[in-house]
Amino acid sequence: MCQKLKILIQYVVPQHLLSLFAGFLAESRIVWLKNCLIKLFMHFYHVDLKSARLEKISDYSDFNSFFTRSLKSELRPIVRGAKEIACPVDGRLSQAGKINKDVLFQAKGLYYSLSELLGNTENRVKTFYEGSFATFYLAPKDYHRVHMPYAGELRETIYIPGSLFSVNQLTAAHVPRLFTRNERLVCFFETNAGPMAVILVGAMIVGSIKTVWPLECHGKRMVKKFYENMIRLDKGAELGLFKLGSTVILLFPKDSITWSDDMRELKEVRMGELIGRF
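Peer 1: What am I meant to see in the sheet that holds strand β15 (residues 258–259) here?
Peer 2: Within a sheet, neighbouring strands are paired by backbone hydrogen bonds and run either parallel or antiparallel to one another. Judged by pairing direction, the sheet is antiparallel, and its 3 strands sit side by side in the order β1-β17-β15 without closing on themselves. Of all the strands in the sheet, the pair left with one neighbour each is β1 (84–86) and β15.

This is the structure we're talking about:
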C-alpha cells in the first residue's frame, strides 16, 4: 500500500514546480542555508567527501556545487583498450541487453519504445533497431557527472520535454513507459566503431541537465540541433551532469558490441570501469 501511495503521489504533485523550487534552494548562496542542506543530505545519504576533490563543506558555494562535485581523478581509472567500453557513471545497472526490434526492457512486465525514446526520429531509430542498450540509475548519493563510454564526435542532440517522475527502482517497476514519459536529452555520437547514443533522462527534483558544450536543456518543445563544427570527446571525458539524481541510457547498433558477463541487474558500477567491448 505504501509503495502504491508513493507512485500515486508522483502523478498528482506539480512535478515541474516542485523541481523549480528545489532548484532555487540548491542555488542559494546563503551560507547557513547551503551548509544546512549539505549536512542534512550527507547525513541522510551517508555521503563521504574523502573521494571528492574538495573535501570541506566550506569549499562549496551552494548545494548544487556540492551535489555535482568532482572526484579525485585517480579514483576512477578509465579502461584504455581500443575496443573496450567504459562505464559512463557511478550508480547501479538497472538493465542491459538486446533491443527487441523497437522495444526495450524497463522492468518486470514493463517495456518502452525505441521510437518514443528517440523522439520518433526515423533515421536514428533505424540505426539502433535490434541493437544493444544499458540503463544506469544514479542515486542521490552518487557522483553526478556523466562521461563518455567511448571516444566520439558529437553529431546531433535532441531535447525532448516531458514529465519528471522519479526514476528509482520503485517507479521503474510501476510507471509504464517511464523513460519515454520523462524529460531527456539524446546525444548522438559517431565513433571509430560506429554510432553511439548517450541519453540523459531527467527526474523529479532534477534542477537541470548540463552539457560541456553550450546547450539549452529546458522548455516545452522538442529541439533538434546538428553539429557541423567538430566536438570530439575522448573516452572518459566529461559529457555533462545532472543537478540531482537521474538515469543514463546507452544505445549501440545491432551486432556491434557485447556486454561484459558481469552486467547483471542492480550491479553497482563505477565510472571508467569495463562494461563491454566492440
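Peer 1: Please clarify how the environment of Y45 should be interpreted in this entry.
Peer 2: Tracing the backbone shows Y45 in helix α3 (residues 31–45). The exposure class assigned to Y45 is partly exposed, which follows from its relative accessible area of 28%. As a C-alpha pair, Y45 and P140 span 95 residues in sequence and 7.4 Å in three-dimensional space. Those residues in contact with Y45 that lie beyond four places of it in its chain are P140 and K141.

Peer 1: Teacher, can you tell me more about the sheet that holds strand β13 (residues 238–242) here?
Peer 2: Pairing is antiparallel across the open sheet formed by 3 strands, whose spatial order is β6-β13-β10. Looking at which strands have only one partner, the edges of the open sheet turn out to be β6 (145–147) and β10 (209–211). Between one strand and the next, the sheet's axes are offset by a mean angle of 25°, whatever the strand orientation. With 3 bridges connecting them, β6 and β13 associate as antiparallel partners.

About the cut-offs
- Residues numbered from 1 in each chain as written.
- Predicted model: local features only at pLDDT ≥ 70, side-chain atom pairs only at ≥ 80, totals over all residues.
- Heavy atoms only, no water.
- Pairing = 2+ DSSP bridges.
- Helix = DSSP H or I, 4+ residues; strand = E, 2+ residues; numbered from the N terminus.
- Buried < 20%, exposed > 50% of the residue type's maximum accessible area, 1.4 Å probe, protein only.
- Contact = heavy atoms within 4.5 Å.
- Axes fitted to C-alpha atoms, helices over the stretch in contact; angles between N-to-C directions.

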